[in-house]
Amino acid sequence: MKIKKLLITDVLSTSLWAGTTSIPLVTGWNAIGTNSNMVLDDIKTALGSSLLNIQSPDGTKTYNAASTKTQSFVNFETGIGYWVKVSDDASLSVNEIDFTSSQTISMVSGWNLIDPLTNMTLDDIKTSLGSSLLNIQSPDGTKTYNSASTKTQSFVNFEAGLGYWIKLDSSADLVFSFDSNGSIETPPPTPDLNA
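This is a predicted model, so every value here is computed, not measured.

Asks: Can you help me understand the sheet that holds strand E5 (residues 82–86) in this one?
Replies: What links the strands of a sheet is backbone hydrogen bonding, and the strands pair in either a parallel or an antiparallel sense. The strand order across the open sheet built from 4 strands is E2-E5-E3-E4, with neighbouring strands paired in antiparallel fashion. At either margin of the open sheet sits one strand with a lone partner, and together these are strand E2 (28–32) and strand E4 (62–64). For this sheet the average axis-to-axis angle between neighbouring strands, irrespective of direction, equals 20 degrees. Strand direction decides the pairing type here: strand E3 (residues 51–55) and E5, joined by 4 bridges, are antiparallel. Bridge pairing in E5 places isoleucine 54 opposite valine 84. The strands that helix H1 (residues 40–47) touches are E3, E4 and E5; relative to E3, the one it contacts most, it runs at about 145 degrees.

Structure, rendered in structure tokens:
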């Protein structure tokens, strides 16, 4: 899979991962993670004439405002990051899903554009994906993790509202654990077996 390199401005979201979120979009393409199942009509209403395109990472689900053909994009799907192109800076307000049980994002070998379901640290991601994890990259490329690098990594954790590129050498599941209140669960520390 070839990946086109696009210049994307860093996007910040005003959310704590559940409830109503406002995702700022800059003119041009934005890789976003909405943590919602918002439908196309609601997206069109929210963004108005600024909305030009929506595309899933694999290009099979698309919306093009200028096209008269039937659109294949119906709604955002949980766990999948999307490319959204706008003609002007805009803000997309979404109602995020509040999870109360573990959720899994299944990924394939190679690059995956995901919508993280909540904040997760690099250590937690590495624990979940194991040796399959090769790279993580933020949409603008400023926050990265490379498993083969000995340099200090700039990626620390997922941020709300962003879609992230994750590269794996084999299929794996990224597991998000939530308690019954929708808060992410922290596993207990591993005991020191050498003590």
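The rest of the description comes next.
Asks: Explanation requested: the sheet that holds strand E9 (residues 133–137) in the structure shown.
Replies: Ordered by their spatial adjacency, 4 strands build an open sheet running E8-E11-E9-E10, and the pairing between neighbours is antiparallel. Strands with a single pairing partner mark the edges of an open sheet, and in this sheet they are strand E8 (110–114) and strand E10 (144–146). On average, each strand axis in the sheet is inclined to that of its neighbour by 20 degrees, with strand direction left out of account. Bridging between E8 and strand E11 (residues 164–168) involves 5 bridges; their strand directions are antiparallel. Bridge assignment links isoleucine 114 to a residue of E11, and that residue is tyrosine 164. In the packing of helix H2 (residues 122–129) onto the sheet, the strands contacted are E9, E10 and E11, and the crossing angle to E9 comes to about 145 degrees.

What counts, and where the lines are drawn
Every chain is numbered independently, its residues counted from 1 as its sequence is written. In view of the model being predicted, local features appear only for residues whose pLDDT reaches at least 70, and side-chain atom pairs are presented and counted only at 80 or more, with totals across whole chains, interfaces and linings using the full set of residues. The basis for every side-chain value is the complete set of non-hydrogen atoms in the structure, without hydrogens or water. By this definition, two strands are paired if DSSP reports at least two bridges between them. Counting from the N terminus, the helices are DSSP H or I runs at least four residues long and the strands are E runs at least two residues long. Interaxial angle, 0 to 180 degrees, is taken between N-to-C directions of lines fitted to C-alpha atoms, where a helix line uses only the stretch in contact. Here, residues are in contact when the closest pair of their heavy atoms is within 4.5 Å.

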